[in-house]
Amino acid sequence: MLERSHLMIIRTVHQLGTLTEAAEQLCLSQSALSHAIKKLENYFGTPLWIKEGRRLRLTQAGHTLLNLAQRLLPQFEHSEQIIRNIAGGGQGSLRIGMECHPCYQWLLNIVGPFLKQFPDVDLDVRQRFQFGGMGALLGYDIDMLVTPDPLYSLALEYVPVFDYEHVLVVPKTHSLASKPWVEPFDLSNEVIITYPVEPSRLDIFSQFCHPAGIAIKKHVQIETTEILLQMVAAGRGFSALPKWLVESYQGTLDICPVSLGKKGIYKTIHLGFRKNEQRPTYLNQFIQMAQDNDTDFLTNT
């Protein structure tokens with residue numbers, strides 16, 4: 001009979017590649033691990049791994065079990081954590097996935113008060129799910145997704161918590177800084193600096209330049225907000241960011257926000273969750289704090 005321990009073996013051997021390392025992580029002897037694998041292969045009547053030197057490669061049957069392990073094990077672990085939280089009387093963990101580089105500064109205004117109110121709740125912010133957060137949420141790798149671009153599913157629900165305008169960022173000395181808004185053709189011969197994100201997921205392209213048939217001169221990608229804005233201030237190009245974020249740097253950098261089009265581009269930060277799942281008290285309180293923080297954050301930035 002296929003058991004959870006078998007799925008853990010499949011996942012661990014695949015992750016580490018060798019029996020020696022997998023046995024050490026699973027707290028088993030190498031002979032016990034080899035015996036468990038052989039027993040599983042005998043049960044199915046087909047090999048699950050092919051040995052290539054010291055390393056093991058999954059067969060087609062092995063990949064089938066790996067897919068099952070990657071779907072089920074996170075759900076086991078999530079449910080166990082919930083039960084431990086209940087047994088611990090309020091202790092728990094909150095794993096937040098981020099699909100928004102500049103949302104970190106907004107998030108920091110909530111994290112501080114939240115950690116003070118819930119000192120026994122561990123908090124982990126993960127950005128490796130960037131623009132793959134929906135899968136991470138459905139796969140139980142995270143408990144909550146922060147995103148300005150929710151992808152809707154019958155299994156998920158989203159709570160809007162913060163509205164903002166997405167603007168063009170230009171040097172304060174540039175001629176566009178004096179305009180109330182820019183048109184797409186204003187960017188046709190400019191360098192656009194963005195975070196390292198697929199261009200199709202960037203509003204400056206998908207909602208502004210591309211619909212107007214405008215191609216820019218060059219697209220540069222930078223991971224760090226501070227360096228990105230330093231580049232803009234130095235006249236190396238333009239960027240597009242939340243207006244509140246731009247305004248928070250105007251005291252130290254010579255930059256200016258300009259609306260994208262006469263109507264502007266307006267966005268909303270959403271918190272995403274799995275639907276029909278009971279939320280612990282601290283998660284509901286986090287949502288409330290995020291909604292209450294809307295006006296306070298705008299006042300303080």
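All values derive from a computational prediction rather than experimental measurement.

Participant: I'd like to hear about the overall build of the protein, residue by residue, with values.
Facilitator: When helices and strands are tallied, the protein shows ten helices and twelve strands. For the protein, the C-alpha radius of gyration of 24 Å lies well beyond 19 Å, the compact-globule estimate for 301 residues. In terms of overall dimensions, the protein has a C-alpha envelope of 75 × 45 × 35 Å along the principal axes. Counting every position in the protein, which comprises 301 residues, the buried fraction comes to 45%. Taking the contacts inside the protein whose residues are at least 6 apart along the sequence as the reference set, 73% of them involve residues at least 24 apart. Put simply, the protein shows about 15700 Å² of open surface, and 51% of that area lies on carbon and sulfur atoms. Across the protein, 27 positive and 30 negative side-chain charges occur, with their mean positions spaced 6 Å apart.

Participant: If you had to explain the environment of Val 232 to someone new, which residues and values would you point to?
Facilitator: Tracing the sequence through the fold places Val 232 in helix H8 (residues 225–233). Residue contacts for Val 232: discarding those within four places in its chain leaves Val 169, Val 170, Pro 171, Ile 193, Gly 237, Phe 238, Ser 239 and Ile 255.

Participant: So, helix H5 (residues 103–117): which residues are in play, and what are the values?
Facilitator: A rise of 1.5 Å per residue sets the reference length of H5, with its 15 residues, at 21 Å; its end C-alpha atoms lie 22 Å apart and thus fit the reference within 8%. A maximum bend of about 25° is found in H5 at Asn 109, where proline Pro 113 lies one to four positions downstream. Every buried residue of H5 is accounted for by Cys 103, Trp 106, Leu 107, Ile 110, Val 111 and Phe 114.

Participant: Account for helix H3 (residues 30–44), with residues named and values stated.
Facilitator: Taking 1.5 Å per residue as the helical rise, H3 with its 15 residues ought to reach 21 Å, and the 21 Å between its terminal C-alpha atoms agrees with that figure. Considered for burial, the residues of H3 that qualify are Leu 33, Ala 36, Ile 37, Leu 40 and Glu 41. Down the axis, H3 shows its buried residues gathered within 135° of arc, on one side only. When the buried face of H3 is taken as reference, the exposed residues oriented beyond 90 degrees from it are Ser 31, His 35, Lys 39, Asn 42 and Tyr 43.

Participant: Which residues make up the UniProt feature "domain: HTH lysR-type" (unreviewed entry) in the protein, and what values go with them?
Facilitator: The UniProt record annotates "domain: HTH lysR-type" (unreviewed entry) at residues 1–59. Annotated as 59% helix and 14% strand, the span residues 1–59 places its first and last C-alpha atoms 20 Å apart.

Participant: Mind laying out the pattern of salt bridges, listing which residues take part and the relevant values?
Facilitator: Counted by the stated rule, this structure contains twelve salt bridges. With a shortest N-O distance of 2.8 Å, Asp 143 and Arg 95 are connected by a salt bridge. Taken together, the residues Asp 143 in the loop between helix H6 (133–138) and strand S5 (144–147) and Arg 95 in strand S3 (residues 92–98) connect sequence positions 48 residues apart. Summarising the burial analysis for this pair, Asp 143 and Arg 95 share the class buried. With its nearest N and O atoms 3.8 Å apart, the salt bridge here joins Asp 143 to Arg 274. In this pair, Asp 143 sits in the loop between H6 and S5 while Arg 274 sits in strand S12 (residues 265–274), placing the two residues 131 residues apart along the sequence. Linked by salt bridges that have partners in common, Arg 95, Asp 143, Arg 274 and Glu 277 make up one network.

The rules we used
Along each chain, the written sequence defines residue order, and numbers are assigned to residues from 1. Local features in this predicted model are restricted to residues whose pLDDT is 70 or higher, and side-chain atom pairs enter the listing and the counts only when it is 80 or higher, whereas totals over whole chains, interfaces and linings include all residues. Remark: hydrogens and water are excluded; side-chain values derive from all non-hydrogen atoms of the structure. Secondary structure follows DSSP: runs of H or I at least 4 residues long count as helices, runs of E at least 2 residues long count as strands, and numbering of each begins at the N terminus. Radius of gyration means the value over C-alpha atoms here, while the globule rule gives 2.2 Å times the residue count to the 0.38 power. For the exposure calls, accessible area comes from a 1.4 Å probe over protein chains only, and a residue counts as buried if that area is under 20% of its type's maximum, exposed if over 50%, partly exposed in between. Should any heavy atoms of two residues lie within 4.5 Å, those residues are counted as being in contact. For every accessible area listed, the method is Shrake-Rupley and the probe measures 1.4 Å; residues are considered covered only by the protein chains on display. Positive charges come from Lys and Arg alone, negative charges from Asp and Glu alone, with His and the N- and C-terminal ends not counted. Each charge is placed at NZ for Lys, CZ for Arg, CG for Asp and CD for Glu. What a helix is expected to span follows from its residue count: subtract one and scale by 1.5 Å. A residue's bend is given by the angle between axes fitted to the 7 residues ending at it and the 7 residues starting at it. Here, the arc refers to the directions that run from the helix axis to the C-beta atoms. UniProt positions are given in the numbering used here, feature names are shortened, and annotations may be inferred rather than shown by experiment. Within this document, salt bridges are pairs made up of a side-chain nitrogen of Lys or Arg and a carboxyl oxygen of Asp or Glu, the two lying within 4 Å of each other.

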